[in-house]
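# Examining the three-dimensional arrangement
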Amino acid sequence: MAATYTYQDVAEHNTKKDMFVVIHDVVYDCTKFIDEHPGGEEVMLDVAGQDATEAFEDVGHSDEARETLEQLKVGTLKRNAGDPKPKAPLPGSLAPAANTSTAGAGIGLYAVVVLGGLLAFGAYQYLQQQQAAQST
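Residues numbered from 1 in each chain as written. Predicted model: local features only at pLDDT ≥ 70, side-chain atom pairs only at ≥ 80, totals over all residues. Heavy atoms only, no water.

Attention now goes to the packing of aromatic side chains. The relative placement of two aromatic rings is captured by the distance of their centres and the angle of their planes. The full count for this structure, using the stated rule, is one aromatic pair. Judged by centre distance (5.4 Å) and plane angle (85 degrees), the rings of Tyr5 and Phe20 are edge-to-face. Taken together, the residues Tyr5 in strand 1 (residues 3–6) and Phe20 in strand 3 (residues 18–23) connect sequence positions 15 residues apart. (Phe/Tyr/Trp six-rings, centres within 6.5 Å; stacked < 30°, edge-to-face > 60°. Helix = DSSP H or I, 4+ residues; strand = E, 2+ residues; numbered from the N terminus.)

Counting residues in each nonpolar core, the largest one holds 15 residues, and the members touching the most others are Met19, Val21, Ile23, Tyr28, Cys30 and Met44. Every element with two or more residues in this core is listed here: strand 3 and strand 4 (26–29). If we ignore the near neighbours within four places in the chain, the residues touching Met19 are His13, Tyr28, Asp29, Cys30, Thr31, Ile34, Met44, Leu45 and Ala48. Tyr7, Val10, Val27 and Leu77 belong to the second largest nonpolar core, which has seven residues in total. (Core = buried A, V, L, I, M, F, W, Y, C linked by side-chain atoms within 4.5 Å. Buried < 20%, exposed > 50% of the residue type's maximum accessible area, 1.4 Å probe, protein only. Contact = heavy atoms within 4.5 Å.)

As a further point, take the pattern of salt bridges. Taken as a whole, this structure holds five salt bridges when the rule is applied. One salt bridge connects Lys16 with Glu41, and the closest N-O pair in it is separated by 2.9 Å. Note that Lys16 is positioned in the loop between strand 2 (14–15) and strand 3 and Glu41 in helix 2 (residues 41–46), a separation of 25 residues in sequence. On the accessibility criterion, Lys16 (35% relative accessible area) is partly exposed. Judged by relative accessible area, which is 26%, Glu41 ranks as partly exposed. (Salt bridge = Lys/Arg side-chain N within 4 Å of Asp/Glu carboxyl O.)

Here it is in structure tokens:
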């Protein structure tokens with residue numbers, strides 16, 4: 001059975017060598033993950049020992065990031081009177097899903113630029129040949 005932590009318990013784990021964060025009232029021990037975090041340790045340290053739900057969702061983490069997070073789960077948060085409240089989402093909205101389709105757009109754009117360059121080079125060569133033919 002998973003452990004239950006109070007906000008005060010979590011707040012005591014706020015250093016690089018001992019870091020807990022809360023996301024959607026679940027407590028995660030991120031101590032071993034901080035050096036592997038793609039966004040750098042600074043962003044993790046900014047939310048160490050706190051409710052990081054908003055910061056986590058604002059970034060739009062991938063499914064892989066969410067799977068990694070599950071491996072770091074150590075318990076649940078028991079909120080007490082006086083604890084900081086999580087920021088409520090806008091009415092009727094859900095956290096945005098990670099946009100994983102943008103990588104394909106980057107490659108497509110690169111292909112268009114390369115093809116455009118090749119066409120420009122071909123047109124330049126053609127015009128050079130036409131100019132050389134007219135001068136002889």
